[in-house]
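# Architecture at a glance
The chain contents come next:
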Amino acid sequence: MTATEDASWRSLYRMGGIAFLVAGTWYLILTVLLLVVIARSEYLDSSQALMNQIIVTPVLPRLNAFMAVIVDMSQVTGFVVLMLALRQVDRSWPVLAVVLIAFVMLFDMQDGLIEWAMTYSYAAYPTASEVVQSAYEVQAELIYQYIDKVATPFMALMVGLSVGITSSVLRNSEFSRSTTYLGFVVAGVCIVGGLTTVFPLLLSVSIWYLAVGAQLFRRPRAIAYRQGAA
């Protein structure tokens, strides 16, 4: 490998590490924010509550949609770089993990954009007739049930499978054993706990992303150290 190729791989590893760190940090922040919202009894536990928040503070769903795009792209980037980092260990399973995470993140970005579109649609709700308001309420109920009962469990399942598959490959790599076993725990928590609430997904995945991101970011330094020692 030439010096230029070596420098390119090191930059790629750092990029993947930063991508995982961004995703993990945002999920951790989102977990804290949701806990604060629940403590204030402002959790969106119904379609009416969701619609009211969109009408009163449309900036929140827009911010959530914007961050969803950034974080989802960060996760896909992180898994792609991790797949390349593990290419000498296994060339098959990491590819499947990338396909799963890319597939579900595409749907997650779509959910965020739907929420963004709702901020414009529901702006006319307060001045609409009762018939039109009823139509808005039906639409809000459909979207709420989709996000709560379908999209979130599906995302938890796909992320859990991606983390579990990747961790099975990490077991035979230079990544720490603790990160590998943490990945198995996270996969189980996401697949089982994600069916009931979003917290297992956010909290457990954020910890694994931060752990993997930190090691991936430090990987160029570790490679340089081994080469110097050799």
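Residue positions are given per chain, counted from 1 along the sequence in the order it is written. Reporting in this predicted model follows two pLDDT cut-offs: at least 70 for local features of residues, and 80 or more for side-chain atom pairs to be given and counted; totals over whole chains, interfaces and linings ignore these cut-offs and use all residues. To obtain the side-chain values, all non-hydrogen atoms of the structure were included, while hydrogens and water were left out.

## Digging into the packing of helix α5 (residues 130-170) against helix α6 (residues 177-193)
Using the following cut-off: Angles shown run from 0 to 180 degrees and are taken between the N-to-C directions of axes, each axis being a line fitted to C-alpha atoms and, for helices, limited to the stretch in contact. Put simply, DSSP marks the helices as runs of H or I at least four residues long and the strands as runs of E at least two long, and each gets a number from the N terminus on. Oblique is the label for any angle not covered by the other classes, which are roughly parallel (under 35 degrees), roughly antiparallel (over 145) and roughly perpendicular (65 to 115). Each crossing gets its handedness from the near helix: less than a right angle anticlockwise from the far helix is left-handed, clockwise is right-handed. In what follows, a contact means two residues having at least one pair of non-hydrogen atoms within 4.5 Å. Each residue is assigned to one class: nonpolar for Ala, Val, Leu, Ile, Met, Phe, Trp, Tyr, Cys and Pro, charged for Asp, Glu, Lys and Arg, and polar for all the others, Gly among them.
Across the interface, α5 lies against α6 with an axial gap of 8 Å and an inter-helix angle of 160 degrees. With respect to their mutual orientation, α5 and α6 come out roughly antiparallel. The handedness of the crossing between α5 and α6 is left-handed. The residues of α6 that touch α5, namely those facing A156, L157, G160, L161, V163, G164, S167, S168 and L170, are T179, T180, G183, F184, V186, A187, C190 and I191. For the contact of α5 with α6, the residue count by class is 10 nonpolar, seven polar and no charged.

## Looking at a nonpolar patch on the surface
As a reminder of what qualifies: By definition, no residue in a patch forms a salt bridge, and every one has over 30% relative accessible area; like charges are joined within 9 Å, nonpolar side chains (Val, Leu, Ile, Met, Phe, Trp, Tyr) within 5 Å. Only the protein chains shown count as covering a residue, and every accessible area follows the Shrake-Rupley method with a 1.4 Å probe. When a carboxyl oxygen of Asp or Glu lies within 4 Å of a side-chain nitrogen of Lys or Arg, that pair is called a salt bridge. For every residue, the accessible area (1.4 Å probe, protein chains only) is compared with the maximum for its type, and the residue is labelled buried under 20%, exposed over 50%, or partly exposed between those bounds.
There is a patch of nonpolar side chains on the surface, built from I18, V22, L63, F66, I70 and F217 and spanning about 500 Å² of accessible area. Listing elements by their share of the nonpolar patch, those giving two or more residues are α1 (3-39) and α3 (59-85). Inspection of the secondary structure puts F66 in helix α3. Its relative accessible area of 48% is what places F66 among the partly exposed residues.

## Overview of helix α2 (residues 47-56)
Put simply, the rule is: Comment: arc refers to directions from the helix axis out to C-beta atoms.
For α2, the complete set of buried residues consists of S47, L50, M51 and I54. When α2 is viewed along its axis, its buried side chains cluster within an angular range of 95 degrees and face the same direction. Buried residues along α2 sit in contact with α3, α4 (93-121) and α5.

These values are about where atoms sit, not about what they do.
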